[in-house]
Amino acid sequence: MKIGWQTSNFILISLTAEKHKRNNSDVLTRPIISMGDQFEASLLLQQNIRDNKRRCPCCSVYYSDWSQKEIFLPRSQNRNDSEDGSSKDLSMLNPFQALSELSSLPMPSEISNNIKVEAEDGKNVALYKVVDSHCHPHLEGEEIEDYAEFNQALTNKLEDISLLQITCATSYENWETCLEYASKNEPFTIPAIGIHPWYVMEENLPEDWLDQLGTLLLKHPGAVVGEIGLCKCAREVRYHPAGKVAVLSRQREIFEAQMKLAAKLRRPVSVHCVQQMGPMMTILKSTLEKGEGGAVAASFPPAIAFHSFTGTSEQVKRILEIEEEIKRRSEVDIQEPIMYFGFSHLVNYIMCSSEKSVRKGRDALRAVPLDRILSESDVPSQNDVKLGVTGSIAYIAAVRNISVHNAARITAENGLRLLKAVTTK
């Protein structure tokens, strides 16, 4: 297993980890780690991240306490994967096969005449075959081991498959990096800036962070709000001296503030929610009730994307019921979707570590209406974006029993509709 960084008291596990074989199965070596000085170790980790390239918070996690349930494990062997990376029980293409299939798609103008993206100067730019609704290439993180063998045959030009991507900031310190990266990669990249729930306790977060976020969003009318959300698996929940209750409370405080800002500025949001669907539903319902009196729709962002969705089919239903209630109480007639659900090849396929999680994930994807499904890579390296998002499309196609071409068309149109509030300004 490749160790990204370690001390005597903690281990950082990268998702790009090489797999160790033990008894003919893929496992993670579990070191015996002292439970002392855990928070000090986490501070050292944060400093290491600042001194080096920041890792994607969705693509790496560390544990000092191995008694806790692991998340984000290497590929499960319970899915009956074939040697070429496809899944027999799903008749699923691997990312490279899916990319090859999508390369044969007609030009976007032949697919749709009414889905387009406009530059800030009003000039139309190319229609897109593929939309990656959530990634982090501006972080310049490590490449994903599962994609390495395929990447050798690819170029990194986004225009090769007419791909539009949303690169999502994670913390205050990489907002400017995200915006700069998007600017350099126009018109193929849209920035999203916000505070990820893993970074709500950082010492360098200024008191006026929300004002600064609002100023940047006004300066960049094409920017989305994200990545924001709630996460019970954040390292601070376990190790911060303020305690679990205080950290989760701070997460909710910062999440709600960013949702209100996105609603005020009419920006879509990209939401991370892990093991916090109960509090998430409470916030959405509270927002719904506070919006009574003719301002219900204005109390919510124009579109909410739950990225790499790991909830249940029942939770999908409950979220969609919230949307229906928003529309019913709204002062204006809302025809288009508000709630969207992203499914990544990385999180929803590679990282599924048990038959239960595999089944739960597929049931959730089947419960989402086709006009709400988003494709995403959720990778921290530009080199992995194309394979990550086409892997996502292949997974969606297999679970929903539709063609890869159809899955690409549906998710591209959904992604562009999600972005309508910022791409038509």
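Every value quoted in this text rests on a predicted model; they were computed, and no experiment measured them.

Conventions and cut-offs
All chains use their own residue numbering, which begins from 1 and follows the written sequence. Reporting in this predicted model follows two pLDDT cut-offs: at least 70 for local features of residues, and 80 or more for side-chain atom pairs to be given and counted; totals over whole chains, interfaces and linings ignore these cut-offs and use all residues. Hydrogens and water molecules were not included; the side-chain quantities draw on all heavy atoms of the structure. Should a side-chain nitrogen of Lys or Arg be within 4 Å of a carboxyl oxygen of Asp or Glu, the pair is scored as a salt bridge. The helix and strand labels rest on DSSP assignments: H or I over at least four residues marks a helix, E over at least two residues marks a strand, and numbering proceeds from the N terminus. Partly exposed describes any residue whose relative accessible area lies between the buried limit of under 20% and the exposed limit of over 50%, with all areas from a 1.4 Å probe on protein chains only and scaled to the type maximum. It only takes one pair of heavy atoms within 4.5 Å for two residues to be counted as in contact. The criterion for a disulfide is a pair of cysteine sulfur atoms lying within 2.5 Å. Lines are fitted to the C-alpha atoms to define the axes, a helix being fitted only along its stretch in contact, and any angle between axes, read from their N-to-C directions, falls within 0 to 180 degrees. Angles are sorted into four bins: roughly parallel if under 35 degrees, roughly antiparallel if over 145, roughly perpendicular if 65 to 115, and oblique for all others. Whether a crossing is left-handed or right-handed is set by the direction in which the near helix is turned from the far one by less than a right angle, anticlockwise for left-handed and clockwise for right-handed. Think of it this way: a Phe, Tyr or Trp ring, Trp meaning its six-membered ring, pairs with another when their centres are within 6.5 Å, and the plane angle makes it stacked under 30 degrees, edge-to-face over 60, tilted otherwise. Being paired, for any two strands, means DSSP has found at least two bridges between them. Confidence of the predictor at the level of single residues is given by pLDDT, which spans 0 to 100.

### So, the pattern of salt bridges
And then number 1: Per the counting criterion, the structure on display carries 11 salt bridges.
And then number 2: Ionic pairing is found between Lys184 and Glu180, a salt bridge with its closest N-O pair at 3.1 Å. Placement of both Lys184 and Glu180 in helix α5 (residues 175–184) is noted, with a separation of four residues, approximately one turn of the helix.
And then number 3: For Lys184, a relative accessible area of 62% puts it in the exposed group.
And then number 4: Between Arg329 and Glu289 there is a salt bridge, and its shortest N-O distance comes to 3.2 Å. Taken together, the positions of Arg329 in helix α10 (residues 313–329) and Glu289 in helix α9 (residues 277–290) put the pair 40 residues apart, joining distant regions of the chain.
And then number 5: When salt bridges that share partners are traced, they join Glu289, Glu325, Arg328 and Arg329 into one network.

### A closer look at the environment of Ala394
And then number 1: Inspection of the secondary structure puts Ala394 in helix α13 (residues 382–400).
And then number 2: For the pair Ala394 and Asn94, spaced 300 residues apart in sequence, the C-alpha to C-alpha distance is 7.1 Å.
And then number 3: Setting aside residues up to four positions removed in sequence, Ala394 forms contacts with Met92, Leu93, Ala98 and Val404.

### Quick look at the state of the cysteines
And then number 1: This model, assessed by the stated rule, comprises zero disulfides.
And then number 2: Looking at Cys233, it has no disulfide partner, and the nearest cysteine sulfur is the one in Cys231, 4.9 Å off.
And then number 3: Its sulfur unpaired, Cys273 is 8.4 Å from the next cysteine sulfur, which belongs to Cys231.
And then number 4: In this structure Cys273 comes out as buried when scored by relative accessible area, which is 12%.

### Description of the packing of α13 against helix α14 (residues 404–418)
And then number 1: Contact geometry of α13 with α14 gives a least axis separation of 8 Å together with a crossing angle of 110°. Compared by their axis directions, α13 and α14 come out roughly perpendicular. Taken as a pair, α13 and α14 cross one another with a handedness that is right-handed. Between α13 and α14, the contacting residues are Ile393, Ala394, Ile396 and Ala397 on the first element and Val404, Ala407, Ala408 and Thr411 on the second.

### Details of the packing of aromatic side chains
And then number 1: Enumeration over the complete set of coordinates arrives at seven aromatic pairs.
And then number 2: Both rings, one in Tyr172 and one in Trp175, keep their centres 5.2 Å apart while their planes meet at 70°; by these two values the pair is edge-to-face.
And then number 3: Take Trp175: its relative accessible area is 2%, and that puts it in the buried class.
And then number 4: On the numbers, 6.4 Å between centres and 75° between planes, the contact of Phe306 with Phe309 is edge-to-face.
And then number 5: We classify Phe309 as buried; its relative accessible area is 4%.

### Things to note about the pairing of strand β12 (residues 339–344)
Regular strands have side chains that alternate between both faces of the sheet.
And then number 1: Most of β12 is tucked away, with six of its six residues classed as buried.
And then number 2: The alternating pattern of β12 places Met339, Phe341 and Phe343 and Tyr340, Gly342 and Ser344 on opposite faces, both of which are buried.
And then number 3: Judged from the three bridges that link them, strand β11 (residues 304–306) and β12 form a sheet pairing that is parallel. Within β12, the residue paired with Ile304 across the bridge is Met339.

### Side note on the confidence of the model for the protein
And then number 1: Mean pLDDT for the protein: 78, with 71% of residues reaching 70 or above.
And then number 2: The low-confidence segment residues 1–86 (pLDDT under 50) makes 198 contacts with residues lying over four places distant or belonging to another chain.
And then number 3: This stretch, residues 109–126, has a pLDDT under 50; its non-local contacts, to residues over four places away or in other chains, come to 26 contacts.

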